[in-house]
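# Structural features, examined
This is what each chain is made of:
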Amino acid sequence: MTCNHQPGARYSRRDFGKLALAGLALPSLAGSRLLAAGSKINGVQIGAITYSFRSIPDADAIVKAMAQIGLSEAELMSNHAEQLAGAPSGRAAGPGGPARGGGGPTPEQQEAQRAAQEELHKWRLSTSPATFKAVRAKFAANGIDVALLCYNMSRTIADDEIEYAFQMARALGAKAISTSTQVSVAKRVAPFADKHKMMVGYHGHSNITDPDEFATPQSFATAMSYSKYHGVNLDIGHFTAANFDAAAFIQANHARITNLHLKDRKKNQGPNVPWGQGETPIKEVLQLLKQKKWDIPANIEYEYMGEDAVAEVAKCYAYCKQALA
């Protein structure tokens, strides 16, 4: 099935700037609870993945920033959840956390990373449901629902780490897990999803040359064949950059889509750009959710180069409100 393209489905850079000026006066934290309750716009739940605020080192400040913007739904990164729960500080990147770029580590750094991972692993084994219920309470106190846990999984992830992800999601009250991983890992996750009866949304990027990476419609179909609890966390920006039709994919697979990531990229592996400068059909997709009344959270993922994460996410939220007006 296809969705007809609507003229004016994207906004220009000038329009984006106008939105920023017209709708961007950030509310005070004193009124955040009331404002956060209103980010379901004409039936479409708008939220954000906390990765959007990765430039903010303090996870408590991320909670306050989301409330200040007025967002009532969070896709919580596992490293932020663990920080809020009191995990050991100074942890290295590992299963469930963001990957680091750059050159390889020195032997000393490798040893420090190993020690940090061992300390974190011991902490994880000591957690209980109460550990993460307290985290959910922090969001709830600011009017924010933790709808999804984003727990990224490497090819070398151990079975107990996969089980831990589901236990954490359940304690947080999340409805589903989203994850950046590989198709081969999805096969290992399937029995855990079946056991916990919890949806897992596989996040795609735009690498269409490696069949083990999530990017093509076929890669998602393969994962979904492994379990009825396997679904798709469709990143409409990456999907567009890989030259696929996000609206048509949503039409065909809406029952298995856990959530969307909203960003603007250009086709042919184009870059992340401020919303309105790319070719991603953000407005068309939001209007589709509105018209069909599909219960699919549409989460802002701020990735383009901007001056301030809080201000830029607020601009993106203003864009969504205008698109759904």
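Residues numbered from 1 in each chain as written. Predicted model: local features only at pLDDT ≥ 70, side-chain atom pairs only at ≥ 80, totals over all residues. Heavy atoms only, no water.

### Comments concerning the overall build of the protein
Worth spelling out the cut-off: In DSSP terms, a helix is any run of H or I states spanning at least four residues, a strand is any run of E spanning at least two, and both are numbered starting from the N terminus. Between buried and exposed lies partly exposed: a residue is buried under 20% and exposed over 50% of the maximum accessible area for its type, with that area taken using a 1.4 Å probe on protein chains only. Throughout, a residue-residue contact means that at least one pair of heavy atoms, one from each residue, lies within 4.5 Å.
Of the regular secondary structure elements, the protein holds 13 helices and nine strands. Counting all 325 residues of the protein, 54% fall into the buried class. Pairs at least 24 residues apart make up 77% of the contacts formed inside the protein by residues separated by at least 6 positions.

### Comments concerning helix α11 (residues 246-253)
Heads up, the condition is: Counted as a polar contact is a pair of N or O atoms within 3.5 Å, where, for protein atoms, one must be capable of donating a hydrogen and the other of accepting one, and residues adjacent in sequence contribute only when both atoms are in side chains.
Counting buried positions along α11 gives six out of eight residues, so the element sits mostly inside the fold. The complete set of buried residues in α11 reads Ala246, Ala247, Ala248, Phe249, Ile250 and Gln251. Summarising the contacts, the buried residues of α11 are in contact with α9 (217-226), β7 (230-235), α10 (236-241), β8 (257-262) and α12 (282-292). Residue aspartate 245 occupies the N-cap position of α11, its side-chain oxygen lying 3.1 Å from the main-chain nitrogen of alanine 247.

### Looking at the state of the cysteines
To be explicit about the condition: Here, the term disulfide refers to a pair of cysteine sulfur atoms separated by no more than 2.5 Å.
Inspection of every chain in the model, using the stated rule, returns zero disulfides. No disulfide involves cysteine 320; its sulfur sits 7.1 Å from the nearest other cysteine sulfur, which is in cysteine 316.

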